[in-house]
Amino acid sequence: MNNAITLEDCEEMFSQSEADGALLTNSLFQREEAASIIKQYVQIQGKASETKTISIENFNFNLIYLQSRFLRHFERLLFDLGIKKEDAPKHYELDIDPLSPYIEIISRSDYDKLPSTVQKATKEAAFFKYLDSNPKGRLLPILLRGRNGNEQKFCFISNVAPFCDDHLVIYADSDGNKVLKQMYHEDTLYWIDDLRSQTGSNDYRLFFTPKGAGNSEDILHYQYLKSPFPVFSYLSTNYAGQETAIIETDKSDWPFPGILARYNSSSKNEILAELDRRINKWLNDDKTNTFNLLFQSNPRGFREFFFIFRKQGYNYIEGIKNAIAGYEAGGNIIVEDRTDFDNFPSVINRLALVKR
């Protein structure tokens with residue numbers, strides 16, 4: 001396998017996928033044939049996407065309406081647009097051991113044999129044999145090195161309903177019928193750091209959302225996109241003098257408290273080891289503890305992780321129907337419903353997350 005993947009390769013993959021009509025983007029909505037199909041499911045009211053700035057606890061967040069995020073739930077629509085293949089064999093993610101770092105991928109026939117209670121907790125495996133079910137899809141493999149130099153195969157694809165241009169998904173490839181689970185692994189920080197080393201761009205940021213914090217798939221995957229996270233602007237101002245450090249933040253720094261880890265090549269091993277220790281302590285202290293993880297390279301050449309403290313199940317902001325995940329916790333709140341977007345207050349004095 002050729003491991004020399006560049007961001008130019010990924011951006012070309014994204015642009016080709018968009019040109020083929022494989023992605024739910026604004027350009028697709030503007031095509032007469034596609035727009036006619038979409039109107040059979042929903043009437044596009046106003047712009048298909050729009051952004052405005054709101055204030056939450058005196059911090060600026062981007063509120064982003066994306067109709068594409070709503071449309072992605074209509075499987076029949078994806079079939080009609082040729083984005084998904086209707087007769088492709090279905091596979092499902094079966095998590096039979098909560099302590100295992102792997103989940104099992106099962107066929108439709110095995111899924112049908114499961115008790116109904118288990119079926120309700122079992123998701124379709126959207127990334128397994130991706131090209132079989134996504135006829136217009138493209139895929140680029142990459143090997144990422146863990147803390148001890150061991151390699152794990154991942155794959156780049158374009159997000160079907162992207163937040164912005166060049167929105168990529170990187171998912172762990174399967175080993176037979178098992179695949180890494182959407183959880184914190186001992187190599188997580190090192191895989192992400194190696195991804196940055198290989199692709200090499202300050203323009204891209206990454207967010208990771210495990211189970212219980214707004215994730216949509218249980219196969220291990222990261223979102224990699226050319227989009228800033230407002231939280232890092234505030235943290236860089238508050239901690240401008242600390243070039244390499246581990247800093248526990250609070251709500252005076254950002255409405256979602258967490259741990260900021262800033263490092264360079266000389267401090268990498270020390271900082272990542274300490275961040276890993278604190279992450280494991282947070283996850284082991286309480287079974288309801290979960291997290292979001294953000295990553296960027298800042299303009300001064302340092303790399304930064306922001307580990308955000310979350311509680312399982314508290315995935316909704318009052319006034320927004322869809323769940324929030326790492327992108328939202330970083331300052332970009334995606335809204336799928338136009339009414340939610342129009343009615344959401346411009347100022348919120350206190351952020352409250354709720355269950356649904």
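Residue indices begin from 1 for each chain and proceed along its sequence in written order. For this predicted model, a pLDDT threshold of at least 70 governs which residues receive local features, and a threshold of 80 or more governs which side-chain atom pairs are given and counted, while totals over whole chains, interfaces and linings are taken from all residues. In computing side-chain properties, one takes all heavy atoms of the structure into account and sets aside hydrogens as well as water.

> For this particular structure, what's the right way to read the packing of aromatic side chains?
Aromatic ring pairs are reported here in terms of the distance separating the ring centres and the angle at which the planes meet. Aromatic rings from Phe, Tyr and Trp, with only the six-membered ring used for Trp, were paired whenever their centres fell within 6.5 Å, and each pair was classed as stacked if the ring planes differed by under 30 degrees, edge-to-face if by over 60, and tilted otherwise. Evaluation of the coordinates by the stated rule reveals 26 aromatic pairs. A ring has a charge above it when a Lys NZ or an Arg CZ is no more than 6 Å from the ring centre and no more than 35 degrees off the ring normal. Above the face of the Phe-341 ring, Lys-52 is positioned so that its terminal group lies 4.5 Å from the ring centre. The ring of Tyr-102 has Lys-178 sitting right over it, with the charged end atom 4.4 Å from the ring centre.

> Where do I start with helix α9 (residues 188-199) in this structure?
Every α-helical turn comprises 3.6 residues, leaving residues that sit three or four positions apart pointing alike. By definition, any uninterrupted DSSP run of H or I lasting at least four residues is a helix, any uninterrupted run of E lasting at least two residues is a strand, and each is numbered from the N terminus. Expected span, for any helix, means 1.5 Å times one less than how many residues it has. Counted at 1.5 Å a residue, the expected span for α9 with its 12 residues is 16 Å, and the 17 Å between its end C-alpha atoms agrees. Positive phi appears at Gly-200, one or two residues downstream of α9, with a value of about 65°.

> What is the right way to read the nonpolar core from this model?
One broad trend across soluble globular proteins is that nonpolar side chains are buried collectively. If you look at the biggest cluster of nonpolar residues, it comprises 51 residues, and the most contacted ones within it are Phe-154, Phe-156, Leu-189, Tyr-224, Leu-275 and Phe-305. For Leu-275, the contacting residues outside a window of four places in its chain are Leu-189, Ile-246, Ile-259, Ala-261, Phe-305 and Phe-307. Residues Phe-59, Val-231, Phe-232 and Ala-329 belong to the second largest nonpolar core, which totals 36 residues. We call a set of buried Ala, Val, Leu, Ile, Met, Phe, Trp, Tyr and Cys residues a nonpolar core when their side-chain atoms join them within 4.5 Å. Three labels apply to residues, based on accessible area from a 1.4 Å probe with only protein chains included: buried if under 20% of the type maximum, exposed if over 50%, partly exposed otherwise in between. In this description, contact between two residues means that some pair of their heavy atoms is separated by no more than 4.5 Å.

> Hey, could you run me through the pattern of salt bridges in this one?
Close approach of charged atoms allows side chains of opposite charge to pair. For salt bridges, the criterion is a side-chain nitrogen of Lys or Arg within 4 Å of an Asp or Glu carboxyl oxygen. Taken as a whole and assessed by the stated rule, the structure comprises 31 salt bridges. The salt bridge partner of Glu-274 is Arg-278, with a shortest N-O separation of 2.8 Å. One end of the pair, Glu-274, and the other, Arg-278, are both in helix α11 (residues 268-285), four residues apart, so they sit about a helical turn from each other. Taking the relative accessible area as the measure of exposure, Glu-274 reaches 22% and is therefore partly exposed. Under the relative-accessibility criterion, Arg-278 is labelled partly exposed at 23%. When salt bridges with common partners are traced through the structure, they connect Asp-95, Lys-123, Lys-181, Lys-211 and Asp-218 into a single cluster.

> Help me understand the side chain of Glu-18 in this model?
The topology assignment puts Glu-18 in helix α1 (residues 7-19). Charge counting treats Lys and Arg as positive and Asp and Glu as negative, with His and both chain ends excluded. It is Arg-31 that comes nearest to the buried, bridge-free Glu-18 among opposite-charge side chains, at 6.6 Å.

> Would you take a moment to explain the packing of α9 against α11 for this structure?
What describes two packed helices is the angle between their axes and the distance between those same axes. Interhelical geometry of α9 versus α11 gives an angle of 140° and a closest axis separation of 10 Å. When the axis of α9 is compared with that of α11, the two are oblique. Contacts from Leu-189, Tyr-190 and Asp-193 in α9 reach Lys-268, Leu-272, Ala-273, Leu-275, Asp-276 and Ile-279 in α11. Axis definition: a line fitted to C-alpha atoms, limited for helices to the stretch in contact. Angles are taken between N-to-C directions and run from 0 to 180 degrees. Every angle not falling under 35 degrees, over 145, or within 65 to 115 is termed oblique; those three ranges are roughly parallel, roughly antiparallel and roughly perpendicular.

> What am I meant to see in unusual backbone geometry here?
Most of the time, phi is negative for any residue but glycine, and the peptide bond is trans. At Lys-129, a position not held by glycine, the phi torsion is positive, near 50°. Among the secondary structure elements, Lys-129 is positioned in the loop between β5 (123-124) and α8 (130-133). Classification of Lys-129 by relative accessible area gives partly exposed; the value is 48%. For Asp-166, which is not a glycine, the phi torsion comes out positive at approximately 60°. Here Asp-166 lies in the loop between β7 (151-158) and β8 (168-172). Asp-166 sits in the buried class, given a relative accessible area of 11%.

> What am I meant to see in the sheet that holds strand β13 (residues 258-263) here?
Hydrogen bonding along the main chain pairs the strands of a sheet, whether they run parallel or antiparallel. Pairing between strands is defined by DSSP: at least two bridges between the two strands are required. Ordered in space as β6-β7-β8-β11-β10-β14-β15-β13-β12, the nine strands form an open sheet in which the pairing is antiparallel. Bordering the open sheet on either side are β6 (140-145) and β12 (245-248), each of which pairs with just one other strand. Looking at each pair of strands side by side, their axes are set apart by 20° on average, direction ignored. The pairing of β7 with β8 spans five bridges and is antiparallel. Paired with Ile-157 across the strands is Val-169, a residue of β8. Seen against the sheet, α9 touches β6, β7, β8, β10 (205-208), β11 (221-225), β13, β14 (289-297) and β15 (303-311) and runs at an angle of roughly 120° to β6.

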